[in-house]
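Structural overview for review
What follows is the residue order along each chain.
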Amino acid sequence: MPEGPNLVMLKELLLPFKGRRVTGASGYAQHVDPSRLKGNTLKDIKTWGKHLLLVFEDFSLRVHMGLFGSYRINQPVKKNAALHLQFGEDEVNFSIVKVQVIEEPLNKIYDWSADIMSPKWDAEKAIGKLKEKPKLMICDALLNQDIFAGSGNMIKNEALFRARIHPESLCGKIPAQQLANLATEVVKFSKIFLKYGKIHEVGEHLQAYGQEICPRNHIPFHKGETGKTKRSSFYCEKCQILYQ
């Protein structure tokens with residue numbers, strides 16, 4: 001599933017459409033009226049976590065890519081798209097995505113301080129939420145979009161390894177300084193993800209996710225499904241401390 005940096009990359013690819021008028025719209029997405037889109041101007045493009053937000057005059061479209069979602073810019077799709085937007089001779093197609101119309105102002109819907117990719121990200125607020133869930137495993141907390149919007153399994157694994165925290169540690173047992181370090185590492189790796197994702201070189205900067213050997217201790221990583229989310233974790237049992 002795409003993570004926050006992937007959505008920011010998509011946003012940047014779509015920026016040339018900002019300020020342009022929709023000349024045609026179609027798609028099988030439920031609750032989206034193509035006639036409402038046609039003639040409307042795309043005022044802005046935002047992201048929150050794993051949501052792409054297309055902002056129009058008096059409403060917005062939330063596009064969630066999910067596990068299998070894809071997009072095409074100025075490329076035809078083999079089957080009818082979930083959302084097709086035509087801008088003169090240019091077009092954008094989203095396939096196998098969830099699309100929702102948002103009538104309210106986005107500032108009333110979204111807490112931008114929870115978005116790890118946002119300039120308004122608030123680490124102290126995230127740490128406070130972790131302390132409110134003392135029995136939650138940190139591997140699950142890092143996938144909780146109300147706490148770390150935009151964090152996915154890659155960011156989870158990399159941040160935990162860099163902060164030297166075992167994925168099955170309980171939030172309430174992790175020292176305050178380590179929680180602060182973890183929040184820092186989440187944002188630091190997200191920036192690495194964004195920078196090198198643009199040139200398809202993220203893999204060269206992974207220290208834990210999908211790796212076989214711990215680069216610190218040169219011993220095999222342990223790989224297993226952790227937490228209630230049962231997502232894959234790659235961790236070193238020597239340098240990542242288990243707080244329980």
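A brief look at the structure comes next.

Rules of the game
- Residues numbered from 1 in each chain as written.
- Predicted model: local features only at pLDDT ≥ 70, side-chain atom pairs only at ≥ 80, totals over all residues.
- Heavy atoms only, no water.
- Axes fitted to C-alpha atoms, helices over the stretch in contact; angles between N-to-C directions.
- Helix = DSSP H or I, 4+ residues; strand = E, 2+ residues; numbered from the N terminus.
- Parallel < 35°, antiparallel > 145°, perpendicular 65-115°, else oblique.
- Left-handed = near helix turned anticlockwise from the far one by under 90°.
- Contact = heavy atoms within 4.5 Å.
- Buried < 20%, exposed > 50% of the residue type's maximum accessible area, 1.4 Å probe, protein only.
- Phe/Tyr/Trp six-rings, centres within 6.5 Å; stacked < 30°, edge-to-face > 60°.
- Lys NZ or Arg CZ within 6 Å of the ring centre and 35° of its normal.
- Pairing = 2+ DSSP bridges.

Following both chains from N to C, one finds helix α6 (residues 153–163) and helix α7 (residues 176–197) inclined at 130°, their axes separated by 8 Å at the closest point. As judged from the angle between their axes, α6 and α7 are oblique. Crossing angle aside, the handedness with which α6 passes α7 is right-handed. From α6, Met154, Ile155, Glu158, Ala159, Leu160, Arg162 and Ala163 reach across to α7, where they touch Gln178, Asn181, Leu182, Glu185, Val186, Phe189, Ser190, Ile192 and Phe193.

For glutamine 207, the location among the structural elements is in the loop between α7 and β9 (222–226). Among the residues examined, glutamine 207 registers a relative accessible area of 30% and is labelled partly exposed. Sequence separation between glutamine 207 and glycine 152 is 55 residues, and the spatial gap between their C-alpha atoms is 16 Å. Beyond its immediate sequence surroundings of up to four residues, glutamine 207 is in contact with Glu158, Phe161, Arg162, Pro215 and Phe221.

Glancing now at the packing of aromatic side chains. Taken as a whole, this structure holds eight aromatic pairs when the rule is applied. The interplanar angle of 35° and the centroid separation of 5.6 Å between the aromatic rings of tyrosine 110 and tryptophan 112 together place this pair among those described as tilted. Taking the relative accessible area as the measure of exposure, tyrosine 110 reaches 6% and is therefore buried. Residue classification places tryptophan 112 among the buried positions, given a relative accessible area of 13%. Each residue in the set Trp48, Tyr110 and Trp112 is aromatic and connected to the rest through ring pairs, giving one cluster. If you follow lysine 46 out to its NZ or CZ, it ends over the ring of tryptophan 112, 6.0 Å from the centre. The positively charged end of arginine 216 is found above the aromatic ring belonging to phenylalanine 161, 3.9 Å away from the centroid.

Counting buried positions over the six residues of strand β7 (residues 90–95) gives five, a clear majority of the element. Where strand β5 (residues 70–73) lies against β7, four bridges are found, and the strand directions are antiparallel. In the sheet register, isoleucine 73 faces β7, and the bridge partner there is valine 92. Pairing between strand β6 (residues 83–87) and β7: five bridges, direction antiparallel. Within β7, the position partnered with glutamine 86 by the bridge is glutamate 91. The hairpin turn running from β6 into β7, its antiparallel successor, is two residues long, and glycine 88 in that turn takes a positive phi close to 65°.

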